[in-house]
Amino acid sequence: MKLSFRQPSISKFNLQITGSKSISNRYLILKAQFPNLELSGLSESDDTHVLYKAISTLDQKCDEIDIHHAGTAMRFLTAYLSSLPNLEVVLKGSKRMHERPIGILVEAMRELGGHLEYLGSEGFPPLKIYGKSIQKNKISIPANVSSQYITALMLIAPSFKNGLTIFLESKITSKPYLLMTAQALRSVGVEVDMHEEYIRVYPKTKIEPKTIAVESDWSSASYFYSCLALMDHGEFELSTFQKDSLQGDSKVAEFYKLFGIETQFKAGSIFISKKAGVMHPKKIELDLNDTPDLAQTIAVTCLGLDIACDLTGLHTLKVKETDRLVALKTEIEKFGAEVEITSESLKLSPKANLKESVSVKTYQDHRMAMAFAPLAIKVDLEILDPEVVSKSFPDFWEKIKVLGIQQNH
Ligand SMILES: O=C(O)C1=C[C@@H](OP(=O)(O)O)[C@@H](O)[C@H](O)C1
Ligand SMILES: C=C(OP(=O)(O)O)C(=O)O
């Protein structure tokens, strides 16, 4: 899809962003345990649809569940299905999912008494899962590879007879996602103690009827922050968001102050604005250990604004939808800038006049497509396989069109 930019006649926009896929997928696992939980505003993303479908088909005695590219669905279901007595099922995903590690979670479930077998390479999906009633109530787990393993355990812990204490080894990665899980559990009445070294989730068999409205997705909102940063000025209203969000990526509001963007919360919306002629810094340095999904957005904003950036805390990026560090380096360098990467960092030396009409590969990664699209405000470019956005934000292209980003197939 070829992208170019035509300045729209207005500079104020109102955009409704789909529900958070992280929040949605947590509540779907909770609803499977507590059916009187009602959910509204669920994410329209593929990742939420596959999880919803997987849970719904469990009643129909299916032999195989395919969760495609959805990391949260893979991890949350590995734990959940292992804890359902008498179930026997194969859990598989896309080719890339079978390259994304799951060994730490499988080990943890086995230590708790679960029965899981690898059908391909040791440490990776696909898995054959034989559900068991879990009796143990303590487990130790490395916390520095993916927070999703820990969330997966926390989400099923209320149904264990004695709850679960999870001892966290090593530095916690993507910590806000664990706080989000704890808040989701508490919101339905499950007690949770969070500490640096351990998390305790208390048992709960029934909850009071409850309706949860899912907040919109802050990671998705980040692409509109990037668009505004690349425009001279403007004001967007994005809904529905809260000031005290459960989502760690709400940190985007603070990060984009660096690019001259102000965020205000009013009646369930955020109003983000940029004044004409704001000065940008020459260089920014950020540790993104808590917010890994913002790395691509920020790197491309810096590329478009000719700002050097030094991003650290990126050790999880290699095992996401693609190796995002290599993908970013390869695609950013096509525009003429230079990028140095290590296993956990990215350093961008920008270039004032970016190359035009570059074709950006997306590597089956929704965030590659969505992070590079705003760059069309500065230079014409092409995004290959644009449909990848449906993993988290199916109507991304319609939404971004409103801002003046023209799309030709
Ligand atoms: O729990 C979640 O919903 C997520 C946790 C993060 O993964 P890691 O903990 O693997 O970094 C994040 O990157 C992912 O998009 C969603
Ligand atoms: C890493 C992501 O998702 P997941 O790990 O759930 O596939 C993402 O959405 O950026």
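Conventions adopted
- Residues numbered from 1 in each chain as written.
- Chains lettered and ligands numbered in written order.
- Predicted model: local features only at pLDDT ≥ 70, side-chain atom pairs only at ≥ 80, totals over all residues.
- Near = placed C-beta within 6 Å.
- Nonpolar A, V, L, I, M, F, W, Y, C, P; charged D, E, K, R; others polar.
- Domains from an automatic or database assignment.
- Core = buried A, V, L, I, M, F, W, Y, C linked by C-beta atoms within 7 Å.
- Buried ≥ 20, exposed ≤ 12 C-beta atoms within 10 Å, placed from the backbone.
- Helix = DSSP H or I, 4+ residues; strand = E, 2+ residues; numbered from the N terminus.
- Contact = placed C-beta atoms within 7 Å.
- UniProt positions renumbered as here; feature names shortened; annotations may be inferred.
- Expected span 1.5 Å × (residues − 1).
- pLDDT = per-residue confidence, 0-100.
- Axes fitted to C-alpha atoms, helices over the stretch in contact; angles between N-to-C directions.
- Parallel < 35°, antiparallel > 145°, perpendicular 65-115°, else oblique.

Our next topic: the site of ligand 1. Neighbouring ligand 1 are the residues S22, T72, S146, S147, Q148, T151, T173, S174, Y177, P292, D293 and T316. In the shell around ligand 1, the residues fall into two nonpolar, nine polar and one charged. Among the domains, domain 1 (2–19 + 215–408) and domain 2 (21–213) are the pair contributing at least three residues each to the shell around ligand 1.

For the rest of this paragraph, the subject is the site of ligand 2. Inspection of the region around ligand 2 gives A70, G71, T72, D293, K320, E321, R367 and S392 as its neighbouring residues. Tallied by class, the residues present in the shell around ligand 2 amount to one nonpolar, three polar and four charged. There are two domains that each give the shell around ligand 2 at least three residues, and those are domain 1 (2–19 + 215–408) and domain 2 (21–213).

Take the nonpolar core next. One finds A299, F372 and A373 to be the most contacted residues of the largest nonpolar core, which totals 66 residues. Ranked by residues supplied to this core, first place goes to helix α7 (residues 218–230) with nine residues. If we skip the residues at most four places from it in the chain, A373 touches L3, Y223, I383, I400 and I405. By size, the runner-up hydrophobic cluster in this structure holds 60 residues, among which are L42, I65, I104 and L116.

What follows covers the UniProt feature "domain: Enolpyruvate transferase" (unreviewed entry) in the protein. Mapped onto the present numbering, the UniProt feature "domain: Enolpyruvate transferase" (unreviewed entry) falls on residues 47–400. Across residues 47–400, the secondary structure splits into 30% helix and 23% strand, with the terminal C-alpha atoms separated by 21 Å.

Turning our eyes to something else, we now look at helix α3 (residues 71–82). Between its terminal C-alpha atoms α3 stretches 17 Å, which fits the 16 Å expected from 12 residues at 1.5 Å a residue. Burial of α3 is extensive: 12 of the 12 residues sit out of reach of the surface. Along α3, the residues classified as buried are G71, T72, A73, M74, R75, F76, L77, T78, A79, Y80, L81 and S82.

Moving on, we get to the confidence of the model for the protein. Chain-level statistics for the protein give a pLDDT mean of 96 and a share of 100% at 70 or above. The ipTM, which scores confidence in the relative placement of chains, is 0.99 for this predicted complex, and the corresponding pTM is 0.97.

Okay, the domain arrangement of the protein next. Per the domain assignment, the segments making up the protein are domain 1 (2–19 + 215–408) and domain 2 (21–213). Here domain 1 and domain 2 have C-alpha centroids that lie 29 Å from each other. Taken together, the contact between domain 1 and domain 2 spans 20 residues of the former and 23 residues of the latter. Class assignment for the residues of the side of domain 1 that touches domain 2 results in five nonpolar, 10 polar and five charged.

Looking now at the packing of helix α5 (residues 147–156) against helix α6 (residues 175–187). One way to put it is that α5 packs onto α6 with a least axis distance of 9 Å and a crossing angle of 10°. In this view, α5 runs roughly parallel relative to α6, as classed from their interaxial angle. Here S147, I150, T151, M154 and L155 of α5 come into contact with α6, specifically with K175, Y177, L178, T181 and L185. The residue makeup of the contact of α5 with α6, split by class, is six nonpolar, three polar and one charged.

Orientation of helix α2 (residues 46–57) relative to α3, taken along the N-to-C sense of each, is 30°, at an axis distance of 8 Å. Considering the angle they form, α2 stands roughly parallel to α3. Between α2 and α3, the residues in contact are D47, V50, L51 and A54 and T72, A73 and L77, respectively. By residue class, the composition of the contact of α2 with α3 is five nonpolar, one polar and one charged.

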